[in-house]
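# Notes for the structure review
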Amino acid sequence: MRSVGDQLAAVLAIAKPVRQLDVILTDAVGCILAEDLVVPADVPALALAGCDGYAVLSEDLAAASPQRPVQLPVVLDVWATGSEPMRL
């Protein structure tokens with residue numbers, strides 16, 4: 001029986017790098033990068049996670065409880081990068 005070290009050495013002796021593929025991004029699922037990818041800027045450029053959420057009126061939730069949940073409609077989608085004030 002081989003030791004773990006001997007088995008590892010045997011595997012590494014026959015392991016070879018796979019050849020690089022030239023695929024489009026949508027076909028790259030399951031692939032790994034052949035080299036590091038460095039981008040010149042953050043994507044997205046703004047820290048937007050703090051902007052995610054919903055605005056509600058407290059009076060619309062006054063009667064809500066775990067036993068009587070309230071379902072509210074989404075009346076407007078606002079992009080986090082939008083600059084115009086919204087009033088309903």
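I will try to describe carefully the structure that is included in this document. Just so you know, these numbers come straight off a predicted model, no measurement behind them.

The next thing to look at is the overall build of the protein. The secondary structure content of the protein amounts to two helices and zero strands. Radius of gyration (C-alpha) of the protein: 27 Å, far over the 12 Å computed for a compact globule of 88 residues. Counting only C-alpha atoms, the protein reaches 75 × 40 × 20 Å along its principal axes. Of all 88 residues assigned to the protein, the portion counted as buried reaches 0%. Of the roughly 9,300 Å² of accessible surface on the protein, a fraction of 60% belongs to carbon and sulfur atoms. Both charge centroids of the protein, one from 5 positive and one from 11 negative side chains, sit 12 Å from each other.

A separate point is the environment of K16. In this fold, K16 is placed in the loop between α1 (4-14) and α2 (58-61). With 58 residues separating them in the primary sequence, K16 and V74 have C-alpha atoms 54 Å apart. There is a polar contact of 3.4 Å between the side chain of K16 and the backbone oxygen of A13.

Attention now moves to a nonpolar patch on the surface. A contiguous nonpolar surface patch, about 580 Å² in accessible area, is contributed by Y54, V56, L61, V70, L72 and V74. Mapped onto the elements, L72 comes out in the segment after α2.

Relative to the assigned elements, S65 resides in the segment after α2. Given the relative accessible area of 26%, S65 is considered partly exposed. Polar contacts involving the side chain of S65 include one to the main-chain amide nitrogen of R68, which spans 2.9 Å.

Basis of the calculations
Residues numbered from 1 in each chain as written. Predicted model: local features only at pLDDT ≥ 70, side-chain atom pairs only at ≥ 80, totals over all residues. Heavy atoms only, no water. Helix = DSSP H or I, 4+ residues; strand = E, 2+ residues; numbered from the N terminus. Rg over C-alpha atoms; globule rule 2.2 N^0.38 Å. Buried < 20%, exposed > 50% of the residue type's maximum accessible area, 1.4 Å probe, protein only. Areas by Shrake-Rupley, 256 points an atom, 1.4 Å probe, with all protein chains shown as cover. Lys, Arg positive; Asp, Glu negative; His and termini not counted. Charge placed at Lys NZ, Arg CZ, Asp CG, Glu CD. Polar contact = N/O pair within 3.5 Å; in protein donor to acceptor, adjacent residues only side chain to side chain. Patch = residues over 30% accessible without salt bridge, like charges linked within 9 Å, V, L, I, M, F, W, Y side chains within 5 Å. Salt bridge = Lys/Arg side-chain N within 4 Å of Asp/Glu carboxyl O.

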